[in-house]
Amino acid sequence: MKKSAIIGLITIAICVCFLVSLNADTSNYSTFTEAAKDSREFHVMGHWAKEKGTYYDALKDANHFSFYMKDEKGDVKKVIYSGTKPQDFERSEKLVLIGKMNSDTFYASKILMKCPSKYNNDLVEIKQDGQVKRYK
Amino acid sequence: MDIQFTGETLLPGKVGQFFIVLAFAAALLSTISYFFATRNKDLADKSWQRLGRIAFLINLFSVIGIGVTLFYLILNHYNEYYYVYSHSSKTLPVYYIVSAFWEGQEGSFWLWAFWQAILGTILMWKARTWENGVMTVVSFSQVFLTSMLLGVQIWTERVGSSPFILLRDAVNLKEMAPVVFADAENYKNYLKFITDGRGLNPLLQNYWMVIHPPTLFLGFASMVVPFAYVITGLWQKRYKEWVKPAMPWALFAVMVLGTGIIMGSFWAYEALNFGGFWAWDPVENASLIPWLTLIGAVHVMIAFKNTGHAFFTSIALVLVSFILVLYASFLTRSGILGETSVHSFTDLGMFGHLILYNVVFLVIPVVLIVLRWKELPITNKDEETYSREFWMFIGALVVTVACIQVIFSTSVPVFNKAFGTNFAPPIDAIKYYNQWQAPFAILITMISGFSQFLKYKRTDTRKFYSSLIATLIIAVVVTAGFVYITNVYNNLIYILLSFSCMFAILSNARILTQGFSGKGKLVGAAVAHIGFALLLVGALVAAATSRPVSINATNFIPVKDFEKVEKPGENMVLYKNEPKKMGRFTVTYTNDTTIAPNTYYTLNFKVIDEKTGKLKEDFNLNPRVQINEKMGLIASPDTKHYLTYDVYTHITSAPDKKEAHAESDAQSEEQNYKKPRVVTVSTGDTLHTSSGIITVKDLNFKPTAKSLALAEGDIAVGLPLEIDLNGKIYKAEPIFLVKGHNTFDFARNIPELGLRLRFTKILPDQKKVELQVFEKPQQSKDWVVFKSIEFPYINLYWVGLIVMVIGFVISIIRRQKEIKTV
């Protein structure tokens, strides 16, 4: 066999390994129901359940933040995150949580937020006297 | 009917828009002219070329005109323009106004077009016989970049996004503020109500934002030049000649893009809170990959130039590199990474436009290769195993395969969009990428080491192995020492990567010494290789051994199973002036200063020798936060730099200063304190409180105070107190007053300590006095939560970049000289 053919085969084999590895390490975006079936980590997408509020008291435990999230199937669960309350959390439009489910509570190791106010238009209210106020 | 709005300054916008249209039209004319000039058989006829030059210079002039106009608007805060309103504000200092200039999509496209116009102008002057073909490609790319700024409606589709669009056209004012603008008169006067713009994103208020984007976009713009040379080579059937003039440009592009990427990691390290300098974020990956493929291309170009082999690989890698730049731009700007990246742009409706740019510049080279296939000088001869060109090829192949791994993984959202799948990216991106990229890095550095001992065509094997083995032995010894000093010996991959980097450094250092004694041509390459290996080893050590030192162990609950879910937190809470042990440091939150809109916290770090009690180190860090109306708490870190490590700190939670002050004003004084502690003390006594150690001094029988008005027969006594907190002394003197048959006392407050002191009784029989000590509940004291990480040997990373850039500069100069001698 020629050296170039050998090199080509090795290259193709490595690329196939990539795809297998990517497939093994990649999961689907899931729901809370799916996350409850398995003890590994999942991506769960959803929205903050605003009516249930958030809990973060830096003085009691600086590494404990909890809230409720409604996933894409409409399921609402408590979420606990071991860290500080993320910047801009109240304005997040959509959440992607990474973590695992344990006894009806989701323990998130990472929270990724989609915040429209970061790059898109804010609502601005202008009062009668001409003062400009940011509108939450 | 057109409404006449009051106070608008519309002329500059019209001028700017004119420049945009002119730039686009001139680029199009330049492309057409150079195209026909290239096809023209009559070499004496220069009319098309002349027209192309004029058109391209008009494009350059127009692009500069766009920039000047936009800068004028931003500098003068004309908020009737949407871009100005969105990105600037009056509170910004001038250098951040420069940043506001390219913060948005439109500004960054302008920046890219500007650099490409500059480079094209240089090519007109330098490219000589290659000018017509190369400038056709550059002009064509310029057509696309300027089309991104057009902002014109073509049938139902809008093409591009203009920086000169008006606020009232971009935003529905009546939805923005329905009460005010329901009034027709107010609607006409809308500018009266818009007093300021929204300002620069607080995370971008940093000096890196001033220099990182221009550098990165110069790198991106430079990538079109080697691409243009390849296209022209294929087009004009100059299959072998393109390498020599393209080489300095390729080296320049690698140098600048590499610098821009590393500046981005500086920025992430210093100003963002990734907790480090590289996170394998999709936007980071997107610009890293074309850099690596062009490095591979440069090496194969050198092999091709010296041996005539590897023609196809060299053109393929150059072409792919520019295509990947466009793909990176698509990933970053189309919004497709929205769910996986924290710092991509949002979609401005340019999705299809960006795809078109990618597709066109992919199709052109493919068509040319297909048309020219039979004429391409592809050799089928096998390479000698012991030859430099063979291993340069293998090295480039390893780099390319490494890039394939990253680009596949980064493109998961693209696959989801294209095929309707639902894949999520890897959960632990850092671990996932590192497990593949570390072995590739080992291979690349090993190859860059031993290939230095090989010659072109064929090497004497005995000489090769004697040099190789000597360097390997030295590398083993050096690696053993290095691994021990830097504490990376607990992981096999770390050890191997350290070894391969040391081997690369030593091999190239050997070449460097030979270079100084005659073989000057190899100096640049050797220096660049050494820099690259230093960069890798610095990144390895800092990342492998970095650790949070702000572990909060007090809330760690060692319960079975619970451990698996929750691990010790990495954030620590500090109360003002209360020291806390943190690893070998003792940290105290001593002060905060508010310079609107930022608050700077002073954290004092001390290292005390536990045996002798001696103070070994003492320094302050000042991380800052900004309570931004739009974005909540924004934190920027501060770092203490030592020669062999950094201590990196950022605030993760803090009280909102405005609210805190408002609350305290609303309460009467003593309700704010806990129940008092009542003690009887005499002179010389000390009292321990959480707010410091109180020492009682001699009674003062002639106290003075503003509110004290003594009458005949009144008796006033002062009780001087000293409060020692961490060596700092505070003084206070509460006063006890006897007036007739009544007694009064005047309390003293020490706000910094949350203390209130009252002198309430004299006990003459016991020669003692009664003192009441009020302390604020811990809840009410100033507090802050922070995270602290140590990065050992991070300076190797920065030094590696500098050395690598120096190497590239030397190589560019050398290649430039080579051209002149031809």
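Residues numbered from 1 in each chain as written. Chains lettered and ligands numbered in written order. Predicted model: local features only at pLDDT ≥ 70, side-chain atom pairs only at ≥ 80, totals over all residues. Heavy atoms only, no water.

The helix and strand tally for chain B stands at 26 helices and 25 strands. Restricting to contacts in chain B with at least 6 residues of sequence separation, those with at least 24 account for 69%. Accessible surface for chain B amounts to roughly 36,600 Å². Of this, 61% is attributable to carbon and sulfur atoms. (Helix = DSSP H or I, 4+ residues; strand = E, 2+ residues; numbered from the N terminus. Contact = heavy atoms within 4.5 Å. Areas by Shrake-Rupley, 256 points an atom, 1.4 Å probe, with all protein chains shown as cover.)

Moving on to the state of the cysteines. If you walk through the whole model with that rule in mind, you get 0 disulfides over all chains. You can see C17(A) has no disulfide; the closest cysteine sulfur is in C15(A), sitting 9.1 Å from it. (Disulfide = S-S within 2.5 Å.)

Moving on to helix α22 (residues 492–516) of chain B. Helical periodicity: at 3.6 residues per turn, an α-helix aligns residues three or four positions apart in one direction. Taking 1.5 Å as the rise per residue, α22(B) with 25 residues should run 36 Å; its terminal C-alpha atoms sit 36 Å apart, in good agreement. N-capping of α22(B) is provided by N491(B), with a side-chain oxygen placed 2.8 Å from the backbone N of I493(B). (Expected span 1.5 Å × (residues − 1). Polar contact = N/O pair within 3.5 Å; in protein donor to acceptor, adjacent residues only side chain to side chain.)

Our next topic: the layout of surface pockets. Computed from the structure, the second largest pocket encloses a volume of approximately 1,200 Å³. Considering the residues around the second largest pocket, the lining is formed by 48 residues, among which F312(B), T313(B), A316(B), L317(B) and L397(B) are closest to the centre. Residue assignment for the lining of the second largest pocket shows that the elements contributing at least two residues are α1 (3–25) of chain A together with α15 (282–307), α16 (311–333), α17 (351–371), α18 (388–410) and α19 (412–419) of chain B. Considering each element in turn, the lining of the second largest pocket owes the most residues, 11 residues, to α18(B). (1 Å grid on protein atoms, 1.4 Å probe; cavity = no way out; pocket = protein on both sides within 12 Å on 5 of 7 lines; lining within 4 Å. Points joined across faces, edges and corners; volume = space filled by probe spheres on them.)

All names here are of chain B. Within the element layout of this structure, T602 appears in strand β8 (residues 598–608). Engagement of the side chain of T602 in a polar contact is seen with the side chain of N622, the distance being 3.0 Å. Excluding residues within four positions of it along the chain, T602 makes contact with T588, Y589, T590, N591, N620, L621 and N622.

Residues and elements named next belong to chain B. Strand order across the open sheet formed by 4 strands is β14-β24-β23-β22, with antiparallel pairing between neighbours. With one partner strand each, in any of the chains shown, β14 (677–681) and β22 (748–750) form the two edges of the open sheet. Across the sheet, the mean angle from the axis of one strand to that of its neighbour is 25°, orientation sign disregarded. Both strand β23 (residues 755–763) and strand β24 (residues 768–775) contribute to a ladder of 8 bridges, which runs antiparallel. Paired with R756 across the two strands is F774, which belongs to β24. (Pairing = 2+ DSSP bridges. Axes fitted to C-alpha atoms, helices over the stretch in contact; angles between N-to-C directions.)

Any link to function would need more than the numbers given here.
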